[in-house]
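Structure at a glance
Single-letter residue listing:
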Amino acid sequence: AAYNPDEINFCVGVEDPGEPDPTKRFKLYVGSESKGTTEWRLWLFTSQDPDRDFAFYAGSGTDGCLFEGQGTTWLEHGPKGPLPVQDGSTLYLFFSGKSDKAWSPGLLKSTDRGFSFSLVDTDPIVDSPSNSVTAFTAMSGNTLTVTDASGLRADAPIYIRQKSSYQEVRLSRIRNIT
């Protein structure tokens, strides 16, 4: 297994205080894209100290990557702008993927402290009719009031565009639906 990226799209670090192996407490994820294709990969490097050298962690994918993605109609260009969110031993990695028309958010999920990942959905996690709200009636504190909540599900991520210019955007999670 060998780390072999064509083009690096992002690097993002995560500290996992609950990691039982102290040499893997700090994790550095690297997203790469294969030149001239729509294939992309997620790699992992670990360390016990963020000021020290990070060691390559060989995953089960090609050349030791953790995850291999193939471009789809909404994800023709590999992930960028990752946001890691850790909940115990589960690690969520929100990211942006681009088609020829627009950027859309996607989500990778790991249930083993970030050592293997799966794509949560083959479509973007928003921008599809089943996961979108076209209008909301009020937003106050932590509460968003919508006229139609069909298609939304509790504990799902939600992407809120507050202005038509796409300049003000919030990424959050649905905690409950009443």
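Before any of the text, the structure's been laid out above.
Residues numbered from 1 in each chain as written. Predicted model: local features only at pLDDT ≥ 70, side-chain atom pairs only at ≥ 80, totals over all residues. Heavy atoms only, no water.

**A look at the overall build of the protein**
Broken down by element type, the protein carries zero helices and 13 strands. Overall, the protein shows an N-to-C arrangement of helices and strands of β-β-β-β-β-β-β-β-β-β-β-β-β. Burial status across the protein gives 35% buried among its 178 residues. Accessible surface, the protein as shown: approximately 10,100 Å² in total, 46% of it carbon and sulfur. (Helix = DSSP H or I, 4+ residues; strand = E, 2+ residues; numbered from the N terminus. Buried < 20%, exposed > 50% of the residue type's maximum accessible area, 1.4 Å probe, protein only. Areas by Shrake-Rupley, 256 points an atom, 1.4 Å probe, with all protein chains shown as cover.)

**Focus on the pairing of strand β7 (residues 90-98)**
In terms of burial, β7 is largely enclosed, as seven of its nine residues are buried. Here β7 pairs with strand β8 (residues 103-110) via eight bridges, running antiparallel. Within β8, the residue paired with Ser-96 across the bridge is Pro-105. (Pairing = 2+ DSSP bridges.)

**Here's the deal with the side chain of Ser-32**
Assignment of secondary structure puts Ser-32 in strand β2 (residues 26-33). In this structure the side chain of Ser-32 is engaged in a polar contact, spanning 2.8 Å, whose partner is the side chain of Trp-43. Here Ser-32 is in contact with Pro-5, Glu-7, Ile-8, Asn-9, Glu-39, Trp-40, Arg-41 and Trp-43, once residues within four sequence places are set aside. (Polar contact = N/O pair within 3.5 Å; in protein donor to acceptor, adjacent residues only side chain to side chain. Contact = heavy atoms within 4.5 Å.)

**Regarding the packing of aromatic side chains**
Throughout the structure, instances matching the rule amount to six aromatic pairs. Relative to Phe-67, the ring of Trp-40 lies with its centre 5.4 Å away and its plane at 45°, an arrangement referred to as tilted. Taken together, the residues Trp-40 in strand β3 (residues 39-47) and Phe-67 in strand β5 (residues 67-70) connect sequence positions 27 residues apart. Side by side, Trp-40 and Phe-67 carry an identical accessibility label, which is buried. On the basis of an interplanar angle of 45° and a centroid distance of 6.2 Å, the ring pair of Trp-43 and Phe-56 is categorised as tilted. With Trp-43 in strand β3 and Phe-56 in strand β4 (residues 55-57), this pair connects stretches of sequence that are 13 residues apart. For Phe-56, a relative accessible area of 29% translates into the label partly exposed. (Phe/Tyr/Trp six-rings, centres within 6.5 Å; stacked < 30°, edge-to-face > 60°.)

**Observations concerning the nonpolar core**
Counting residues in each nonpolar core, the largest one holds 15 residues, and the members touching the most others are Tyr-29, Leu-42, Phe-67, Leu-93, Leu-108 and Phe-117. Those elements that provide at least two residues to this core are β1 (7-15), β3 and β7. (Core = buried A, V, L, I, M, F, W, Y, C linked by side-chain atoms within 4.5 Å.)

**Structural notes on unusual backbone geometry**
Phi is positive for Asp-63, close to 55°, though the residue is something other than glycine. Checked against the element boundaries, Asp-63 lands in the loop between β4 and β5. Even without a glycine there, the phi angle at Arg-113 is positive, about 65°. For Arg-113, the position within the fold is in the loop between β8 and β9 (118-119). What makes Arg-113 buried here is its relative accessible area of 18%.

**Overview of the pattern of salt bridges**
Pairing of side chains with opposite charge becomes possible as their charged atoms draw close. Summed over the entire model, instances satisfying the criterion amount to eight salt bridges. When the shortest N-O distance is used, the salt bridge between Arg-113 and Asp-16 registers 2.9 Å. Highlighted residues: Arg-113 in the loop between β8 and β9 and Asp-16 in the loop between β1 and β2, separated in sequence by 97 residues. Taken as a pair, Arg-113 and Asp-16 share a single burial class, namely buried. Between Asp-63 and Arg-41 there is a salt bridge, with the nearest N and O atoms lying 3.4 Å from each other. Of this pair, Asp-63 sits in the loop between β4 and β5 while Arg-41 sits in strand β3, and the two are 22 residues apart along the sequence. The class for Arg-41 is buried, based on a relative accessible area of 15%. Here the salt bridges share partners, and the residues they tie into one network are Asp-16, Glu-19, Lys-27 and Arg-113. (Salt bridge = Lys/Arg side-chain N within 4 Å of Asp/Glu carboxyl O.)

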